[in-house]
Amino acid sequence: MAPLLTGVLFRPDRYHYFAELDSTNRLAARLAQEGADQGTVVVADCQTGGRGRLGRSWFSPRGVNLYCSVVLRPAIPPQVAAQLTLVAGLALAHAVADLGCGDVELKWPNDLLLGGRKAAGILTEMRTEAARIQHVIVGIGVNVNGARTAFPVALREQAVNLAESLRGPVDRARLLAGLLAWLEHWYDRFDREGFGPLRQEWLSFARLLDQAVQVRLADETFSGRARALDAEGYLLVQRADGTLTRVVAGDVMRLEEG
Ligand code: BTN
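It should be emphasised that the depicted structure is a prediction, and the values quoted were computed from it without experimental measurement.

J.: Outline the packing of helix H2 (residues 83-98) against helix H6 (residues 196-204), supporting the account with residue identities and numerical values.
T.: Between H2 and H6, the least distance of the axes is 10 Å, while the angle of their chain directions is 50°. Considering their axes alone, H2 and H6 lie oblique with respect to each other. For the pair H2 and H6, the sense of crossing is left-handed. Along the contact surface, H2 presents Leu86, Val87, Leu90 and His94, while H6 presents Leu198, Glu201 and Trp202. Along the lines of polarity and charge, the residues of the contact of H2 with H6 split into five nonpolar, one polar and one charged.

J.: I'd like to hear about the pattern of salt bridges, residue by residue, with values.
T.: Throughout the structure, instances matching the rule amount to 24 salt bridges. With its nearest N and O atoms 3.3 Å apart, the salt bridge here joins arginine 26 to aspartate 22. Between arginine 246 and glutamate 232 there is a salt bridge; the shortest N-O distance is 2.5 Å. Of this pair, arginine 246 sits in strand S11 (residues 244-247) while glutamate 232 is found in the loop between strand S9 (221-229) and strand S10 (235-238), placing the two residues 14 residues apart along the sequence. The class for arginine 246 is partly exposed, based on a relative accessible area of 38%. The network of salt bridges with shared partners includes Asp103, Glu105, Arg207 and Arg254.

J.: If you had to explain the packing of H2 against helix H5 (residues 172-193) to someone new, which residues and values would you point to?
T.: Between H2 and H5, the least distance of the axes is 8 Å, while the angle of their chain directions is 135°. Classed by the angle they form, the pair H2 and H5 counts as oblique. With respect to the hand of their crossing, H2 and H5 are arranged in right-handed fashion. Side by side, H2 and H5 meet where Gln83, Leu84, Val87, Ala88, Leu90, Ala91, Leu92, His94, Ala95, Val96 and Asp98 of the first sit next to Arg174, Leu175, Gly178, Leu179, Trp182, Leu183, Trp186, Tyr187 and Phe190 of the second.

About the cut-offs
- Just so you know, the residues in each chain are numbered from 1, in the order the chain's sequence is written.
- For this predicted model, a pLDDT threshold of at least 70 governs which residues receive local features, and a threshold of 80 or more governs which side-chain atom pairs are given and counted, while totals over whole chains, interfaces and linings are taken from all residues.
- With hydrogens and water excluded, all non-hydrogen atoms of the structure serve as input to the side-chain values.
- Interaxial angles span 0 to 180 degrees and are taken between N-to-C directions of axes, which are lines fitted to C-alpha atoms, for helices over the stretch in contact.
- Think of it this way: any DSSP run of H or I at least four residues long counts as a helix, any run of E at least two long counts as a strand, and we number them from the N terminus.
- Reported orientations rely on four angle classes, namely roughly parallel under 35 degrees, roughly antiparallel over 145, roughly perpendicular from 65 to 115, and oblique for the rest.
- If you view the pair so one helix is near and one far, a crossing is left-handed when the near helix is turned anticlockwise from the far one by less than a right angle, and right-handed when it is turned clockwise.
- Pairs of residues are marked as contacts when any of their non-hydrogen atoms sit within 4.5 Å.
- Nonpolar residues are Ala, Val, Leu, Ile, Met, Phe, Trp, Tyr, Cys and Pro. Charged residues are Asp, Glu, Lys and Arg, and all others, Gly as well, are polar.
- A pairing counts as a salt bridge when a side-chain nitrogen of Lys or Arg comes within 4 Å of a carboxyl oxygen of Asp or Glu.
- Using a 1.4 Å probe on the protein chains alone, a residue whose accessible area is under 20% of its type maximum counts as buried, one over 50% counts as exposed, and one in between counts as partly exposed.

Set out below in structure tokens:
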């Protein structure tokens, strides 16, 4: 893998590979706390405790998928750190499109879909001190070469592997190299110019705007229409009574319209 890392941010001396970890996010957070540089990358061939968003677990079998976490130290306030999930999504969408996958969709805030099914997810976790970001860990899991039948039954209908979409196996090292190159590109732009220029790019992969959606928050579920991605990267959903709700953390599902 090392020769494929040709960037300034992501480079061979910051790359850590493991045959097995509980969670790449967890190890990356530990390394970051011990002072690891921005640009540190942790990859595992399998995870025994892969973590998903909202306390879920992430299906992480050996030898077929990509599980990767990067350490970032952005100079931004904690309240906009969620934008990094969108930055990573944008990089992921480009990397997957480069492999030849058509129909790449980004679903707010952290999913990459192919043909409407989830092929990848992003988990962004941060540590702050005195209202300042110490580090952000961006963890990316991609379903790459597994067999459809290997997914747990509960996921089988909603999940997809890149190899299914491409009708052939995918070189995981090439995917990772492409992902990190795109992430370096977009993160550098984000660092210099903020989220503004990336917002439109992200929306070019999204299909949610003006669609009827159901939003599940921790304490409430409601329906409405997705209207905009605001300047901070949050989704604005208009309810039937016309009011706009800013969705900061939750699940958003597109509703079929008759
Ligand atoms: C989600 O869609 O819920 C986010 C899934 C994120 C999974 C990745 S796999 C690599 C990294 N390590 C983890 O434990 N989780 C993320």
